[in-house]
Amino acid sequence: MNKLSKFTLAVVVLAAGASALVWALNVRDEIDVTVPVAAAAPSESLVARGAYLARAGNCQACHTAQGGPAYAGGRGIATPFGTVFTSNLTPHEKTGIGSWSPSHFWRAMHNGRSKDGRLLYPAFPYTSYTQVTREDSDALYAYLRSLPPVAAPNQPHTLRFPYQSQAALAVWRALFFSPGVYEADSARSAEWNRGAYLVKGLGHCAACHTARNALGGSERSLDLAGGLIPMQNWYAPSLTSPYEAGVADWDKQHIVSLLKNGVSPRASVTGPMAEVVQRSTQYLSDADLGAMAQFLKELPASHTAAPEPAAIRTGGESVERATKLYEQHCAQCHGAGGEGIPNAYPALAGNRAVTMGEASNLVQIVLNGGYAPATEGNPRPFGMPPFVLVLDDTDMALVLTHVRQSWGNRASEITPLEVNRIRASTGR
Amino acid sequence: MQETRSGHSWRRTLARYALPAALAWAAAGSAAAAPPPFEDSIAQRAMACTACHGPQGRAAPDGYYPRLAGKPAGYLYNQLLNFRDGRRHYGLMTQLIEPLSDAYLMEIATYFSQLEVPYPAPLPATASPEVLSHGRKLVLEGDPARQLPACVQCHGQAMTGVAPGIPGLLGLPRDYLNAQLGAWKAGQRRAHAPDCMKEVVARLSLEDINAVASWAAAQPLPASTKPAASLPPPRPGATAITCGSATAPAATTAVPVKAQK
């Protein structure tokens, strides 16, 4: 055997070994879906439980196209790798999950594999849903089967090469996904464990609140230390940092209120989190919200060192102009001293959403405005007007720098370039 | 060629009318007294709307943010749902109202429908007499040969709309009317099924659209600008038209809607 063929042989063996490893990693913890499951008629209580869990997982939000029939899929999820279209979850025989068994559904939730054996794209957050118990998966299945079937064929994804290939996805999964149901920590209370199960599992909080790498994977699978939401230019703040959205020092009741009503004495939600509260968490029981609050309160703190106070601009033409802009456009609602109006307009002084290092959200909210979600506890929220047509990049940067550096706020300045980047990305 | 023939002249139109109007508007705003103090009202809550649609929803000067004040509540509610559900397209609008409930959107719609604020005088028509007369004929009589109903058959003899779902046609800039009819023709603007307006606009040519928009935009407002309570009797030989609409949601809360003048 000459050198070349030895080398070729080595390459072939290595490639075969790597493929076998990737294959083995991809079928970890899979059940045999061909084993029939005793199919008792689902009870009303099982369906109701599934409906509740579907709220907890916010399934409908992604699996419904804008203005389309509920759960019939077709919403495009834009990712850095192309657009993934959600699938039809109604029990339609041909186009939905009408021919799926509870085991097929479980394998999708737990292993991220479709009925036909295809690997699913992790835009479907099975990296979190894998923690869901079989019992809860079966309840979800029973609920989805109770929906009216809708004939809506699944739309093919429009992913770029090489991301559209199953082989690439298999490698991704070998690197960033391992299946496993939530394992209770016996050293913690039952409440904490319930909260952890909801936050890490169906709640899939990590899908936004944990940073992703260039391949869209999460290296630290659930640190909840904040992450930019791909393609949207919203930053899901760190739930572990006292300088972002950490809640360690909050009253538990305030955390519950934020998730239930969208507003609380400490903060209110807007942007993508408003959708989460509106469609998902407002429907959860106080006990479950309390459990989530307990878990979030006890998350290990990160970044405990205070950020460096920024050099504050004082005096000069730009400060004068910024002050004037603030008085003209902002002070009416947010107060001359950035104190806000309780239960209506948030204070800007000492507001972490204002002073956070990552300022995308601040620019977004001033550009596009927004309401807190309308919830049972806060059915008529107040709103922030869009300023996209009123303030140009320079003025917006001035006024944002002003609110980040007044009334004791000590955050870095915002440049017109940063404003322009967000403005351009939202197409306005 | 008439400048009014197409939408391409919008920049010029903006420069000629909207800019001075915007300046006048801004001046009026700054001349006003200190901003009203905070009140726990629907008017306060609707300030996110009036930032673009003008104080009390009296329309923005640029012609692209239409008047809301006094339009029928059902019509405004339908439009809010249309933006939310993708039958009308404007990202800013969709994003703003997405987190709100049906009941709250209805309350906002009702609030604006109850506002009675004066209309500005219409801008003088710039189209040729032939174009205007063609527009007038289509609006008032339609074109039976093309099964084209008169606009007034549904939008009211006084063109101030018909409660609860049909909007008035007056007090809207020509560019806005042109843009909306054009969007309907291109399938960019839709209504609840059955989408009657789609059927009507399909029979209009771009020349027809421009004629209708040019004439309607130049008409003065009648003494009463309120929407009619019911449809006018159909003209002899006119076919009945069925239009879709959303079901009104149950009222939100115990807080009554308070209209501000």
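Residues numbered from 1 in each chain as written. Chains lettered and ligands numbered in written order. Predicted model: local features only at pLDDT ≥ 70, side-chain atom pairs only at ≥ 80, totals over all residues. Heavy atoms only, no water.

The subject of this paragraph is the pattern of salt bridges. Residue and element names in this part refer to chain B. Per the counting criterion, the structure on display carries 23 salt bridges over all chains. Close ionic contact of Arg87 with Asp85 constitutes a salt bridge, the shortest N to O distance being 3.7 Å. With respect to class, Arg87 is no different from Asp85; both count as buried. Across the pair Asp208 and Arg146 runs a salt bridge whose closest N-O atoms are separated by 2.7 Å. Residue Asp208 is located in helix α11 (residues 206-217), and its partner Arg146 is located in the loop between α7 (129-141) and α8 (151-155); the two are separated by 62 residues in the primary sequence. We classify Asp208 as buried; its relative accessible area is 4%. One continuous salt-bridge network, built from bridges that share partners, spans Arg84, Asp85, Arg87 and Asp102. (Salt bridge = Lys/Arg side-chain N within 4 Å of Asp/Glu carboxyl O. Buried < 20%, exposed > 50% of the residue type's maximum accessible area, 1.4 Å probe, protein only. Helix = DSSP H or I, 4+ residues; strand = E, 2+ residues; numbered from the N terminus.)

All names here are of chain B. Within the secondary structure layout, Ser128 lies in the loop between α6 (102-113) and α7. Residue class for Ser128 comes out buried when judged on its relative accessible area of 10%. Note: C-alpha distance between Ser128 and Ala211 (83 residues apart in sequence) is 9.4 Å.

Now for the sheet that holds strand β3 (residues 158-159) of chain A. All names here are of chain A. Read across the sheet, three strands follow the order β1-β2-β3 without closing on themselves; strand pairing throughout is antiparallel. The open sheet has two free edges, formed respectively by β1 (76-79) and β3, since each of these has just one partner strand. Sheet topology note: the β1/strand β2 (residues 82-85) ladder contains four bridges and is antiparallel. Bridged to Gly76 within β2 is Phe85. (Pairing = 2+ DSSP bridges.)

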